[in-house]
Amino acid sequence: MKSNKAVVKMIKPEIEDESIAPLIEELLGRLGEDPKRDGLVRTPQRVDKALHFLTSGYQMNVEQILNGALYEVKYDEMVVVRDIEFFSLCEHHMLPFYGKMHVAYLPRKKVIGLSKIPRIVDMFARRLQIQERLTQQVAQTVYEAINPLGVGVICEARHFCMMMRGVEKQHSGAMTSAMLGAFRDRKDTRDEFLALVNHRGNGY
Ligand code: ZN
């Protein structure tokens, strides 16, 4: 190995721009690959880019996303945004889990721009996650943003760490939910939400 000084000099600028390419090159070697062979030469850079994108939620915040898209309305019926696709990485294996989320709320006075809800989902999905926390964070964020009477979130997902390794169950999905306010306290509200979500099964 070269002297420490040389290594520090070589690595430091990379750390400053947060590139993980050198680590991926190292990883390829440790997996028994030849990082210099044709197909892998640019792989560290590609993985670097991909992983930064898949964890770009760390760079986002709620204020930026909402950007004032809250509207005062008289509407007081349930708002449901169904089948929001998401892709995340489990924090235990850094393998993908993906699925759909259904987000509903009962407005008090304010509604949120509809396109903002999938963006809130992405903000939390593009981090290292567990499905339970992802579900909670989406619910809590909508709750805090518009102070509605209640929020319900259901998340259906498949985990590569279950499908490709471990128990190797390709067809089992995991479901999580978070119910706040009226969705927690009132059975009729919860039932209405579940009926709206379930009236068409969707394979996750
Ligand atoms: Zn996992």
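Structure's up top.
Described in the following lines is the structure provided in the data block. Predicted, not measured: the structure shown is a model, and the values here were computed from it. (Residues numbered from 1 in each chain as written. Predicted model: local features only at pLDDT ≥ 70, side-chain atom pairs only at ≥ 80, totals over all residues. Heavy atoms only, no water.)

## Topic: the packing of aromatic side chains
Then step 1. All chains considered together, the criterion is met by four aromatic pairs.
Then step 2. For the pair Phe86 and Phe97, a centre-to-centre distance of 5.9 Å together with 75 degrees between the ring planes defines the contact as edge-to-face. Residue Phe86 is found in strand E2 (residues 79-90), and its partner Phe97 is found in strand E3 (residues 96-106); the two are separated by eleven residues along the sequence.
Then step 3. Of the residues examined, Phe86 reaches a relative accessible area of 1% and is grouped as buried.
Then step 4. Both rings, one in Tyr98 and one in Phe160, keep their centres 5.9 Å apart while their planes meet at 70 degrees; by these two values the pair is edge-to-face. Of the two residues, Tyr98 sits in strand E3 while Phe160 sits in helix H7 (residues 160-163), which places them 62 residues apart along the sequence.
Then step 5. Phe160 gets classed as partly exposed once you look at its relative accessible area, which sits at 28%.
Then step 6. What links up through ring pairs into an aromatic cluster is the set Phe87, Tyr98 and Phe160. (Phe/Tyr/Trp six-rings, centres within 6.5 Å; stacked < 30°, edge-to-face > 60°. Helix = DSSP H or I, 4+ residues; strand = E, 2+ residues; numbered from the N terminus. Buried < 20%, exposed > 50% of the residue type's maximum accessible area, 1.4 Å probe, protein only.)

## Structural notes on the nonpolar core
Then step 1. Counting 32 residues, the largest nonpolar core has Phe86, Met101, Val103, Tyr105, Leu134 and Val138 as the members making the most contacts within it.
Then step 2. Counting residues in each nonpolar core, the second largest holds nine residues, with Ile154, Phe183, Phe193 and Val197 among its members. (Core = buried A, V, L, I, M, F, W, Y, C linked by side-chain atoms within 4.5 Å.)

## Section: the coordination of the zinc ion
Then step 1. Only Cys90 (SG), His93 (ND1) and Cys161 (SG) from the protein coordinate the zinc ion, and they sit 2.2 to 2.3 Å from it.
Then step 2. All donors of the zinc ion belong to a single chain; written as a sequence motif, their spacing is C-x2-H-x67-C. Pair noted here: His93 is in the loop between E2 and E3 and Cys161 is in helix H7, with a separation of 68 residues, a long-range link.
Then step 3. Residue classification places His93 among the partly exposed residues on the basis of a relative accessible area of 34%.
Then step 4. Classification of Cys161 as buried rests on a relative accessible area of 10%. (Donors = N, O, S within 2.8 Å, 3.2 Å for Na, K, Ca; no water.)

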